[in-house]
Amino acid sequence: MAKIIVVTSGKGGVGKTTTSAAIGTGLALKGNKTVIIDFDVGLRNLDLIMGCERRVVYDFVNVLNNEANLTQTLIKDKRVENLFVLPASQTRDKDALTLEGVEKVLNELSETFDFIICDSPAGIEKGAQMALYFADEAIVVTNPEVSSVRDSDRILGILQSKSKRAEQGSEPVKEHLLLTRYNPARVEEGEMLSVTDVEEILAIPLMGVIPESEAVLKASNQGEPVIHNQDADAGKAYSDAVDRLLGETVEFRFLTAPKKGILKRLIGA
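Anyway, here's the lowdown on the structure attached to this text. (Residues numbered from 1 in each chain as written. Predicted model: local features only at pLDDT ≥ 70, side-chain atom pairs only at ≥ 80, totals over all residues. Heavy atoms only, no water.)

As for the overall build of the protein
Helix and strand counts for the protein stand at 13 helices and 8 strands. The C-alpha atoms of the protein give a radius of gyration of 19 Å, which matches the 18 Å a tight globule of 269 residues would have. Over its C-alpha atoms, taken along the principal directions, the protein stretches across nearly 70 × 40 × 35 Å. Looking at the protein as a whole, 54% of its 269 residues qualify as buried. Sequence-distant contacts in the protein: of pairs separated by 6 or more residues, those separated by 24 or more amount to 74%. (Helix = DSSP H or I, 4+ residues; strand = E, 2+ residues; numbered from the N terminus. Rg over C-alpha atoms; globule rule 2.2 N^0.38 Å. Buried < 20%, exposed > 50% of the residue type's maximum accessible area, 1.4 Å probe, protein only. Contact = heavy atoms within 4.5 Å.)

Describing the pairing of strand E4 (residues 83-86)
What you see with E4 is no split at all: Leu 83 and Val 85 on one side and Phe 84 and Leu 86 on the other are buried throughout. Pairing of strand E2 (residues 34-38) with E4 involves 4 bridges; the strand directions are parallel. Across the sheet, the residue bridging to Thr 34 is Leu 83, located in E4. Where strand E3 (residues 75-76) and E4 come together, 2 bridges link them in antiparallel fashion. Bridge pairing links Lys 76 to Phe 84 in E4. (Pairing = 2+ DSSP bridges.)

Things to note about the packing of aromatic side chains
Tallying each qualifying case throughout the model produces 3 aromatic pairs. A ring pair is formed by Phe 84 and Phe 113, whose centres lie 5.5 Å apart and whose planes are at 85°; its orientation type is edge-to-face. Of this pair, Phe 84 sits in strand E4 while Phe 113 sits in the loop between helix H5 (99-110) and strand E5 (115-119), and the two are 29 residues apart along the sequence. With a centroid separation of 4.8 Å and an interplanar angle of 85°, the aromatic rings of Tyr 133 and Phe 134 are classed as edge-to-face. Accessibility assignment for this pair places Tyr 133 and Phe 134 in one class, buried. Lying across the ring of Phe 113, Lys 33 places its NZ or CZ 4.9 Å from the centre. Over the face of the ring belonging to Phe 252 we find Arg 244, whose NZ or CZ atom lies 3.7 Å from the ring centre. (Phe/Tyr/Trp six-rings, centres within 6.5 Å; stacked < 30°, edge-to-face > 60°. Lys NZ or Arg CZ within 6 Å of the ring centre and 35° of its normal.)

Overview of the packing of helix H1 (residues 16-29) against helix H12 (residues 233-245)
Where H1 meets H12, the axes come as close as 9 Å, and the angle between the chain directions of the two elements is 65°. The chirality of how H1 crosses H12 is right-handed. Residues Thr 18, Thr 19, Ala 22, Ile 23, Gly 26 and Leu 27 of H1 form the contact with H12, whose participating residues are Tyr 238, Ala 241, Val 242 and Leu 245. (Axes fitted to C-alpha atoms, helices over the stretch in contact; angles between N-to-C directions. Left-handed = near helix turned anticlockwise from the far one by under 90°.)

Some thoughts on the sheet that holds strand E6 (residues 137-142)
Judged by pairing direction, the sheet is mixed, and its 8 strands sit side by side in the order E3-E4-E2-E5-E1-E6-E7-E8 without closing on themselves. Edge positions in the sheet fall to E3 and strand E8 (206-211), since each of these pairs with one other strand and no more. Across the sheet, helix H10 (residues 195-202) is in contact with E6, strand E7 (174-182) and E8; its angle to E7 comes to roughly 150°.

Things to note about the nonpolar core
Side chains that are nonpolar tend, in soluble globular proteins, to be buried together. Counting 49 residues, the largest nonpolar core has Phe 39, Phe 60, Leu 109 and Ile 116 as its most contacted members. With 5 residues, helix H7 (residues 146-162) is the largest single contributor of residues to this core. Setting aside chain neighbours within four positions, we find Phe 60 in contact with Ile 37, Asp 38, Phe 39, Thr 73, Leu 86, Pro 87, Ala 88, Leu 97, Val 102 and Val 105. In terms of nonpolar packing, the next biggest core, distinct from the first, is built from 38 residues, Val 56, Ile 75, Leu 83 and Val 85 among them. (Core = buried A, V, L, I, M, F, W, Y, C linked by side-chain atoms within 4.5 Å.)

Concerning the packing of H7 against H10
Between H7 and H10, the least distance of the axes is 10 Å, while the angle of their chain directions is 35°. Both H7 and H10 take part in a crossing whose hand is right-handed. Residues Val 149, Ser 152, Asp 153 and Leu 156 of H7 pack against Val 198, Ile 201 and Leu 202 of H10. Taken together, the residues of the contact of H7 with H10 break down into 5 nonpolar, 1 polar and 1 charged. (Nonpolar A, V, L, I, M, F, W, Y, C, P; charged D, E, K, R; others polar.)

Section: empty space enclosed by the protein
Within this structure, the stated rule accounts for 1 cavity of 30 Å³ or more. Here the largest cavity defines a volume of roughly 30 Å³. Elements that contribute at least two residues to the lining of the largest cavity include exactly E8 and H12. When residues of the lining of the largest cavity are assigned to their parent elements, the largest contribution, 3 residues, is made by H12. Residues of the lining of the largest cavity, tallied by class, amount to 4 nonpolar, 1 polar and 3 charged. (1 Å grid on protein atoms, 1.4 Å probe; cavity = no way out; pocket = protein on both sides within 12 Å on 5 of 7 lines; lining within 4 Å. Points joined across faces, edges and corners; volume = space filled by probe spheres on them.)

As structure tokens, this is what we get:
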């Protein structure tokens with residue numbers, strides 16, 4: 001039986017799809033058969049970041065409407081053996097998603113996959129609620145800024161009240177905090193919230209801190225999840241996050257600004 005993990009946030013532009021691609025890829029690299037589903041119907045982006053946009057023939061909504069089956073629709077990643085993508089539709093609206101239809105697809109995928117990663121749209125509307133409804137675990141992605149953290153707090157409330165687990169009174173959705181675009185130097189200058197600040201506000205376990213990095217944008221533009229770039233701090237941080245998701249104890253990196261050498265301090269002075 002697959003573990004269903006939703007990647008969610010209240011605010012747009014925080015790096016959910018980048019995170020879905022990186023975490024899904026990382027799980028597959030660890031030997032887990034993994035599928036990433038794009039729930040952002042009408043605004044498809046996962047296929048671009050995964051580098052498979054030219055291979056999309058059918059989409060999630062085609063499967064829901066019985067216009068195609070999963071075998072026809074799933075796109076196998078070219079880099080990682082046991083990684084697949086289920087793309088969203090660009091031409092339908094989010095009303096095309098129904099709880100019954102989504103549950104049927106998830107049940108079918110659960111028969112053959114170890115992990116199902118649900119890449120949620122931002123916000124609290126239907127598409128986002130549909131993505132998180134069946135989740136076993138949730139990765140809440142936020143930036144170190146007040147508005148992003150406040151919106152994430154709203155998402156936590158929905159997870160705790162409107163998920164299937166909440167409705168059934170079963171064990172709650174396991175929540176993880178992933179902090180993206182973190183810049184320790186800006187934290188020291190008081191321009192960003194610190195890791196401790198965000199942890200105190202949201203009060204959920206910290207799974208990863210992804211440093212602000214040009215490598216993320218470069219990877220997205222090249223259609224290659226940044227976790228493949230282990231020379232980049234962001235790629236290393238995502239690998240650490242995957243290890244923690246799998247239950248390993250890994251020390252956090254990239255939380256402090258690098259100290260300036262004597263020459264840099266003199267030049268700065």
